[in-house]
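An overview of the molecular structure
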Amino acid sequence: MSSLSKNNKNKITSPSLREGRGGLKFILSGGGTGGHIYPAIAIANELKSRFPDAEFLFVGAKDKMEMQKVPQAGYEIEGLWIAGLQRKLTLQNIMFPFKLTSSLLKSRTIIKKFKPDVVIGTGGFASGPLLQMANSLNIPTVIQEQNSYPGITNKLLSKKANAICVAYENLERFFPAAKIVFTGNPVRQDLLNVETKRQEGISYFNLDANKKTLLILGGSLGARRINQLIEKELDFLLGSGVQVIWQCGKLYFEDYKKYNSRNSQPETRNPQLVTVVSFIERMDLIYAAADFVISRAGASSVSELCLVGKPTIFIPSPNVAEDHQTKNARAIVDKKGALLIRENDLNEKFETVFKQLIQDENLQKSLSKNIKQLAKPNATKDIVEEIIKLIK
């Protein structure tokens with residue numbers, strides 16, 4: 001029996017299904033990192049394009065980056081007092097039960113007041129208590145699982161979710177098979193056909209059109225080990241003839257901004273060989289300008305790289321639950337769509353693998369062709385279709 005038919009006395013009636021009570025309402029939750037935030041924003045944008053009169057509310061974790069990024073995207077957001085469990089005994093762990101209780105109670109208040117038609121979770125600390133409370137109130141919920149290995153929260157939430165939109169195959173061992181929809185991950189729509197923006201990207205980032213460009217991506221917060229690698233190998237990289245756009249993350253920018261090869265007279269607009277940034281707003285333009293990419297293997301990054309089809313070396317973070325970044329990367333590498341170097345192999349293998357990549361044009365073409373075949377450009381639209389089914 002559908003969860004929508006149970007406990008009708010506690011059910012919040014959808015305003016869209018009541019005469020004269022206005023348009024649709026959606027609550028979305030995703031945060032902690034850009035990998036959770038931007039999929040949620042992409043889904044909201046697609047819903048808004050289809051239902052211009054709909055109302056939207058995001059729910060995030062207080063003091064996390066979603067509290068800035070979501071309003072910048074034009075949406076309201078409420079913050080919960082919630083954080084994840086640490087791997088060792090800390091004050092934060094001792095406080096976790098109190099934070100969870102607080103977040104569940106506030107989630108209930110938010111849902112009762114806003115009266116959403118559907119609640120959508122894309123991961124992050126806040127999505128757990130929010131979707132749990134939505135499930136208990138018989139509000140339709142959709143989980144958007146980005147990784148090839150789900151976390152424990154989504155495994156628990158999946159039991160009562162109405163639909164689970166996934167980006168990787170063979171997740172039946174984690175989720176109820178009947179609820180799984182293979183959609184891919186939402187991606188920024190401005191990444192479609194980035195090849196038409198190459199000259200604009202070169203100009204925007206002040207690059208030399210006659211040089212190959214290497215893009216370094218460590219995630220929105222940054223990746224310490226990748227930053228250490230690039231600092232150590234910078235002379236080698238420049239000696240290979242490439243120019244470098246190095247997104248080091250906001251946590252590390254002060255440590256690495258010294259490598260910006262600023263011109264003594266910026267007004268000359270001479271191209272820089274190295275550009276260090278904390279964050280990149282125009283990802284469409286940097287992907288358009290890039291010839292090679294070195295990246296972590298977070299789910300959103302992997303999905304974007306499939307779409308833009310650039311020759312890529314993945315360096316997965318080993319410091320994530322169930323080593324899911326390695327599993328994400330392996331799903332691409334096993335289909336000959338990218339190269340992979342584990343962190344503990346960087347000192348031994350990096351220069352050899354990078355040199356092979358930039359010197360072998362056939363390898364570059366093969367990687368680009370194979371990774372593009374794994375892209376899901378209609379993922380956002382397909383996820384929204386599943387949400388609409390719940391409204392109908």
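Residues numbered from 1 in each chain as written. Predicted model: local features only at pLDDT ≥ 70, side-chain atom pairs only at ≥ 80, totals over all residues. Heavy atoms only, no water.

For the rest of this paragraph, the subject is the layout of surface pockets. Each pocket or cavity is described by its volume, and for the second largest pocket that value is around 590 Å³. Mapped by element, the contributors of at least two residues to the lining of the second largest pocket are helix H10 (299-308) and helix H11 (324-333). Residues belonging to the lining of the second largest pocket are distributed by class as follows: 13 nonpolar, 6 polar and 7 charged. (1 Å grid on protein atoms, 1.4 Å probe; cavity = no way out; pocket = protein on both sides within 12 Å on 5 of 7 lines; lining within 4 Å. Points joined across faces, edges and corners; volume = space filled by probe spheres on them. Helix = DSSP H or I, 4+ residues; strand = E, 2+ residues; numbered from the N terminus. Nonpolar A, V, L, I, M, F, W, Y, C, P; charged D, E, K, R; others polar.)

Grouped together as the largest cluster of nonpolar side chains are 35 residues, with contacts concentrated most on Leu215, Ile280, Tyr287 and Phe314. Secondary-structure elements contributing two or more residues to this core are strand S8 (212-217), helix H9 (283-289), H10 and H11. Per-element accounting of this core gives the leading share, 6 residues, to H9. If we skip the residues at most four places from it in the chain, Ile280 touches Phe205, Leu215, Leu217, Ile245, Gln247 and Ile286. Counting 31 residues, the second largest nonpolar core, distinct from the first, contains Leu229, Phe292, Ile294 and Leu339. (Core = buried A, V, L, I, M, F, W, Y, C linked by side-chain atoms within 4.5 Å. Buried < 20%, exposed > 50% of the residue type's maximum accessible area, 1.4 Å probe, protein only. Contact = heavy atoms within 4.5 Å.)

In this section: the side chain of Ser317. With respect to the helices and strands, the residue Ser317 is situated in the loop between strand S12 (312-314) and H11. Here Asn319 takes part through its backbone nitrogen, which lies 3.2 Å from a polar atom of the side chain of Ser317. If sequence neighbours within four positions are ignored, Ser317 has contacts with Arg296, Asp323, Gln325 and Glu343. (Polar contact = N/O pair within 3.5 Å; in protein donor to acceptor, adjacent residues only side chain to side chain.)

Time to look at the pairing of strand S6 (residues 163-166). Alternating residues of S6 divide into Ala163 and Cys165 and Ile164 and Val166, and every residue in both groups is buried. By the bridge criterion, 3 bridges tie S6 to strand S7 (residues 180-182) in an arrangement that is parallel. Pairing of Cys165 across the sheet is with Val181, part of S7. (Pairing = 2+ DSSP bridges.)

In this section: the sheet that holds strand S11 (residues 292-295). The 6 strands lie next to each other as S10-S9-S8-S11-S12-S13, forming an open sheet whose pairing is parallel. Edge positions in the sheet fall to strand S10 (274-277) and strand S13 (339-340), since each of these pairs with one other strand and no more. Pairing analysis gives 3 bridges linking S11 to S12, with the strands arranged parallel. Bridge pairing in S12 places Ser295 opposite Phe314.

Next up on the list: the packing of aromatic side chains. Within the structure shown, the criterion is met by 11 aromatic pairs. Where Phe236 meets Phe350, the ring centres are 6.4 Å apart and the plane angle is 70°; that geometry is what we call edge-to-face. Of this pair, Phe236 sits in helix H7 (residues 224-239) while Phe350 sits in helix H12 (residues 346-359), and the two are 114 residues apart along the sequence. Both residues of the pair, Phe236 and Phe350, belong to the buried class. Ring pairing ties together the aromatic residues Phe26, Phe51, Phe56, Phe58 and Tyr75, which thus form one cluster. (Phe/Tyr/Trp six-rings, centres within 6.5 Å; stacked < 30°, edge-to-face > 60°.)

Here Asp63, not a glycine, exhibits a phi torsion of approximately 75°, which is positive. By secondary structure assignment, the location of Asp63 is in the loop between strand S2 (55-61) and helix H2 (66-72). One non-glycine residue, Asn193, lies in the positive phi region at around 60°. Looking at where Asn193 falls in the secondary structure, it is placed in the loop between S7 and helix H6 (198-204).

This paragraph deals with H11. With 7 of 10 residues buried, H11 lies mostly within the body of the structure. Residues of H11 that are buried make contact with H10, S12, S13 and helix H13 (361-372).

A word on the side chain of Gln146. Along the polypeptide, Gln146 turns up in the loop between strand S5 (141-145) and helix H5 (152-157). A polar contact of 2.6 Å, which involves the side chain of Gln146, links it to the backbone oxygen of Thr122. For Gln146, the side chain forms a polar contact with the side chain of Gln144, separated by 2.9 Å.

With that out of the way, let us pick up empty space enclosed by the protein. Considering all chains together, one arrives at 1 cavity of 30 Å³ or more under this definition. Its volume calculated, the largest cavity comes out at about 40 Å³. Lining the largest cavity are Tyr38, Pro39, Ala42, Pro186, Val187, Arg188, Ser300 and Glu304. Looking at which element gives the most residues to the lining of the largest cavity, the answer is helix H1 (residues 34-50), with 3 residues.

All right, on to the environment of Glu55 then. On the secondary structure map, Glu55 appears in strand S2. Considered as a pair, Glu55 and Phe114 are 59 residues apart in the sequence and their alpha carbons are 9.2 Å apart. Ignoring any residue separated from it by four or fewer positions in sequence, one finds Glu55 in contact with Leu24, Lys25, Phe26 and Phe114.

The next point concerns the sheet that holds S6. Across the sheet, 7 strands lie side by side as S3-S2-S1-S4-S5-S6-S7; this open sheet has parallel pairing. The open sheet is flanked by strand S3 (77-80) and S7, the only strands paired with a single partner. For this sheet, the mean angle separating the axes of adjacent strands, direction not counted, is 20°. Against the sheet, helix H4 (residues 127-136) engages strand S1 (25-30), S2, S3, strand S4 (118-123) and S5, with an angle of about 155° to S4. (Axes fitted to C-alpha atoms, helices over the stretch in contact; angles between N-to-C directions.)

With that settled, consider the environment of Tyr204. Summarising the element assignment, Tyr204 is placed in helix H6. Judged by its relative accessible area of 47%, Tyr204 is partly exposed. A C-alpha to C-alpha distance of 8.6 Å links Tyr204 and Ile286, two positions 82 residues apart in sequence. Setting aside its immediate chain neighbours within four residues, Tyr204 contacts Arg282 and Leu285.

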